[in-house]
Amino acid sequence: QQKVQQSPESLIVPEGGMASLNCTSSDRNVDYFWWYRQHSGKSPKMLMSIFSNGEKEEGRFTVHLNKASLHTSLHIRDSQPSDSALYLCAASRAGGYKVVFGSGTRLLVSP
Amino acid sequence: NAGVIQTPRHKVTGKGQEATLWCEPISGHSAVFWYRQTIVQGLEFLTYFRNQAPIDDSGMPKERFSAQMPNQSHSTLKIQSTQPQDSAVYLCASSPTGGNQAPLFGEGTRLSVL
């Protein structure tokens, strides 16, 4: 059974600080990773995707992927209170397979 | 673009009753996913359709849950003889073809079984 493990379960960072979130897939055939953000009472919204080894930056958000270790990480610099949310990692294989989500990291940015 | 539409937004049922949840995927999207979200279990995969055909239902509790996609514009998730442990937010998502295109979620249906 394909699993996606996320750590930490929860994280508190001060406003302006750096948040680092981790995600590992148990599926050696995984091809795609996505990061979603879910604010309280809302549905998950896709934040960033990464499909190949290396790093991708969009504004304050950076994702890394190491395919050999099946590990991706999301880093948020200059964290804002509005970044407080549940961050979900998702993974899938090529060829139209199901998309599996981790349990998430709950981020709280304290003013 | 209206996004993925789920109805109803909230549903309250008594134990043992049936619940039917509806999802209208984004027009043109051929992949439709159903998930269930609770605080304890997180976001659990239930089932997945592509071009209306069931592809993977490995997450579906076999006895009381069923899902269908009779046409490209809607999918239903039916829960028979609902139990309190079925209480959750049920989320539907769609993507253009599956693959490397991220599923986009509807706002969900909150099911409460009393």
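Rules of the game
- Residues numbered from 1 in each chain as written.
- Chains lettered and ligands numbered in written order.
- Predicted model: local features only at pLDDT ≥ 70, side-chain atom pairs only at ≥ 80, totals over all residues.
- Heavy atoms only, no water.
- Pairing = 2+ DSSP bridges.
- Helix = DSSP H or I, 4+ residues; strand = E, 2+ residues; numbered from the N terminus.
- Axes fitted to C-alpha atoms, helices over the stretch in contact; angles between N-to-C directions.
- Contact = heavy atoms within 4.5 Å.
- Buried area = accessible area lost by both parts, 1.4 Å probe.
- Salt bridge = Lys/Arg side-chain N within 4 Å of Asp/Glu carboxyl O.
- Polar contact = N/O pair within 3.5 Å; in protein donor to acceptor, adjacent residues only side chain to side chain.

**Q** Got a minute to help me understand the sheet that holds strand β1 (residues 4-7) of chain A in this structure?
**A** Hydrogen bonding along the main chain pairs the strands of a sheet, whether they run parallel or antiparallel. Residues and elements named next belong to chain A. Read from one edge to the other, the open sheet built from 5 strands follows the order β1-β3-β8-β7-β6, with strand pairing classed as antiparallel. Looking at strand neighbours, the two that pair on one side only are β1 and β6 (54-58), the edges of this open sheet. Within the sheet, the average angular offset between the axes of one strand and its neighbour, ignoring direction, is 15°. In this structure, β6 lies alongside strand β7 (residues 61-66), joined through 5 bridges in antiparallel fashion. Residue Glu58 lies in a different strand from β7, and its bridge partner there is Phe61.

**Q** Looking at this structure, how should I read the interface of chain A and chain B?
**A** By convention, interface size is frequently given as the accessible area that disappears when the constituent parts associate. In this complex, chain A contributes 19 residues to the contact, which on the side of chain B involves 20 residues. With both chains or domains summed, chain A and chain B bury close to 1,600 Å², and 55% of this area falls on carbon and sulfur atoms. On the chain A side of the contact with chain B, Gly96(A), Lys98(A) and Phe101(A) bury the most area, a combined 30% of that side's loss. Between Asp56(B) and Lys98(A) there is a salt bridge, with its nearest N and O atoms 4.0 Å apart. Across the chain A-chain B interface, the total number found is 6 residue pairs in polar contact (both at pLDDT 80 or more). Within the residue set of the side of chain A that touches chain B, elements represented by two or more residues are β4 (32-38), β5 (45-50) and β9 (85-92) of chain A. The element contributing the most residues to the side of chain A that touches chain B is β4(A), with 4 residues.

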